[in-house]
Amino acid sequence: MKRALGAKAIEFYRRAAALDPSDFELWNKMAYLQLTLFRSPNEAHPLLVHSIDLFPGSHTAYGLLGDTLTQKGAALSNSGEREAFIRSGVTNYQEAAKLARSNTNGANSRYFHGYNVALGKSYAKLGEPRWAIGAYRRALRVCPPTERWMHEETLARLYFSVEDETNAALHVKRAIESAPTDKRAALTNLRDQILARPGDR
């Protein structure tokens, strides 16, 4: 049912784009449906390239292109090719975050947050935890209150992975303080692991 409705929506956007081919948002919407509903990054890719050609200031297009390249890379078995796609995704997430940052106090703050989370996940996949830490710290500054504990936990784990027990302990403490009750036991176990490792705290 959803796929049928999605196909109708794409056809509607295609017709609208034929009447107004300069409307970049129509191309973004088609790409979004191809990517999220049909899991077709190969279909989404040229739509987003065209959208950026129409309006290079669209943070949405760059963010979706980052998702597209990451999704394409995930399907590859060759590690070198997979890494290349993830790095291309990172480049687009960075551009998306830069464009969205111009209004982080308004509606764009949730986009800025999302792009930095995507950057953090990508850097983690690339085995670059220190870059991931930077991305998650930026996301933490504008994250919804209900998600704060999750970012604090992620930062605790990332700092722990680079043997920075001081910051790991700080972030897991904050995670425990802001987490739902049913999540605190697991976070307490993480805290105990961090505190058990010798370090300068």
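What counts as what
Residue numbers run consecutively from 1 along every chain, following the written order of its sequence. Under the rules for a predicted model, residues below a pLDDT of 70 receive no local features and side-chain atom pairs below 80 are neither given nor counted, while totals for whole chains, interfaces and linings still include all residues. Just so you know, side-chain values use all the structure's heavy atoms and leave hydrogens and water out. The way it works is that DSSP assigns letters per residue, a run of H or I at least four long becomes a helix, a run of E at least two long becomes a strand, and they are numbered from the N terminus. Type-normalised accessible area, obtained with a 1.4 Å probe on protein chains alone, sets the label of each residue: buried when under 20%, exposed when over 50%, and partly exposed for intermediate values. It only takes one pair of heavy atoms within 4.5 Å for two residues to be counted as in contact. The protein chains shown are the only cover counted for residues, whose accessible areas, like all others here, come from Shrake-Rupley with a 1.4 Å probe. Only four residue types enter the tally: Lys and Arg on the positive side, Asp and Glu on the negative side; His and the chain ends are excluded. Where a charge lies is defined by one atom per residue type, namely NZ (Lys), CZ (Arg), CG (Asp) and CD (Glu). Under the pairing criterion, centres of Phe, Tyr and Trp rings, with the six-membered ring standing for Trp, must be within 6.5 Å; the plane angle then separates stacked pairs below 30 degrees from edge-to-face pairs above 60, leaving the rest tilted. By the criterion adopted, a ring carries a charge over it if an Arg CZ or a Lys NZ lies within 6 Å of its centre and within 35 degrees of its normal. Here the expected length of a helix is defined as 1.5 Å per residue gap, with one fewer gap than residues. Put simply, a salt bridge is a Lys or Arg side-chain nitrogen that is within 4 Å of an Asp or Glu carboxyl oxygen. Throughout, nonpolar core names a set of buried Ala, Val, Leu, Ile, Met, Phe, Trp, Tyr and Cys residues whose side chains join them through atoms within 4.5 Å. Lines fitted to C-alpha atoms define the axes here, with helix axes fitted over just the stretch in contact, and angles between the N-to-C directions of these axes take values from 0 to 180 degrees. Roughly parallel means an angle under 35 degrees; roughly antiparallel means over 145; roughly perpendicular covers 65 to 115; every other angle is labelled oblique. Here a crossing is taken to be left-handed if its near helix is turned anticlockwise relative to the far helix by less than a right angle, and right-handed if that turn runs clockwise. Residue polarity follows a fixed list, in which Ala, Val, Leu, Ile, Met, Phe, Trp, Tyr, Cys and Pro are nonpolar, Asp, Glu, Lys and Arg are charged, and the others, Gly among them, are polar.

From N to C terminus, the protein includes ten helices and zero strands. In the protein, which comprises 201 residues, the share counted as buried stands at 42%. For the protein, the share of sequence-separated contacts (at least 6 apart) that also reach a separation of at least 24 residues comes to 52%. Accessible surface for the protein amounts to roughly 11,200 Å². Of this, 53% is attributable to carbon and sulfur atoms. Averaging the coordinates of the 28 positive side-chain charges in the protein and doing the same for the 21 negative ones gives two points 3 Å apart.

Summed over the entire model, instances satisfying the criterion amount to four aromatic pairs. Where Phe 12 meets Tyr 13, the ring centres are 5.8 Å apart and the plane angle is 65°; that geometry is what we call edge-to-face. The lysine or arginine in question, Arg 110, covers the ring of Tyr 111, its NZ or CZ lying 4.4 Å from the ring centre.

In this model helix α8 (residues 148-161) runs 20 Å from its N-terminal to its C-terminal C-alpha over 14 residues, within 8% of the 20 Å that 1.5 Å per residue would give. Taken together, the buried positions of α8 are Trp 149, His 151, Glu 152, Glu 153, Leu 155, Ala 156, Leu 158, Tyr 159 and Phe 160. On its buried face, α8 is in contact with α6 (109-125), α7 (129-142), α9 (165-178) and α10 (184-196). One or two positions beyond α8, positive phi appears at Glu 163, with a value near 65°.

In this section: the pattern of salt bridges. For the coordinates displayed, the defined rule picks out nine salt bridges. Here Arg 148 and Glu 152 are joined by a salt bridge, their closest N and O atoms 3.9 Å apart. Note that Arg 148 and Glu 152 are positioned in helix α8 at a spacing of four residues, about one turn of the helix. Here Arg 191 ties to Asp 192 by a salt bridge, and the two come within 3.4 Å at their closest N and O atoms. Arg 191 sits in the partly exposed class, given a relative accessible area of 32%. Beyond isolated ion pairs, a larger network of salt bridges with shared partners links Glu 83, Arg 87 and Glu 128.

As a further point, take the nonpolar core. Counting residues in hydrophobic clusters, the biggest one holds 26 residues, and the most contacted among them are Leu 119, Tyr 123, Ile 133, Leu 155 and Ile 194. Core analysis: the next-biggest nonpolar cluster, separate from the first, contains 24 residues, Trp 27, Leu 33, Phe 38 and Ile 52 among them.

Orientation of α6 relative to α7, taken along the N-to-C sense of each, is 160°, at an axis distance of 8 Å. Taken together, the axes of α6 and α7 lie roughly antiparallel to each other. The two elements α6 and α7 cross, and the hand of that crossing is left-handed. Contacts between α6 and α7 involve Ser 109, Phe 112, His 113, Asn 116, Val 117, Leu 119, Gly 120, Lys 121, Tyr 123 and Ala 124 from the first element and Trp 131, Ala 132, Ala 135, Tyr 136, Arg 138, Ala 139 and Val 142 from the second. Partitioning the contact of α6 with α7 into residue classes produces eleven nonpolar, four polar and two charged.

On to the environment of Arg 141, then. On the secondary structure map, Arg 141 appears in helix α7. A residue is classified by how much of its surface remains accessible, and Arg 141, at 58% relative accessible area, is exposed. For the pair Arg 141 and Ala 74, spaced 67 residues apart in the sequence, the C-alpha separation amounts to 29 Å.

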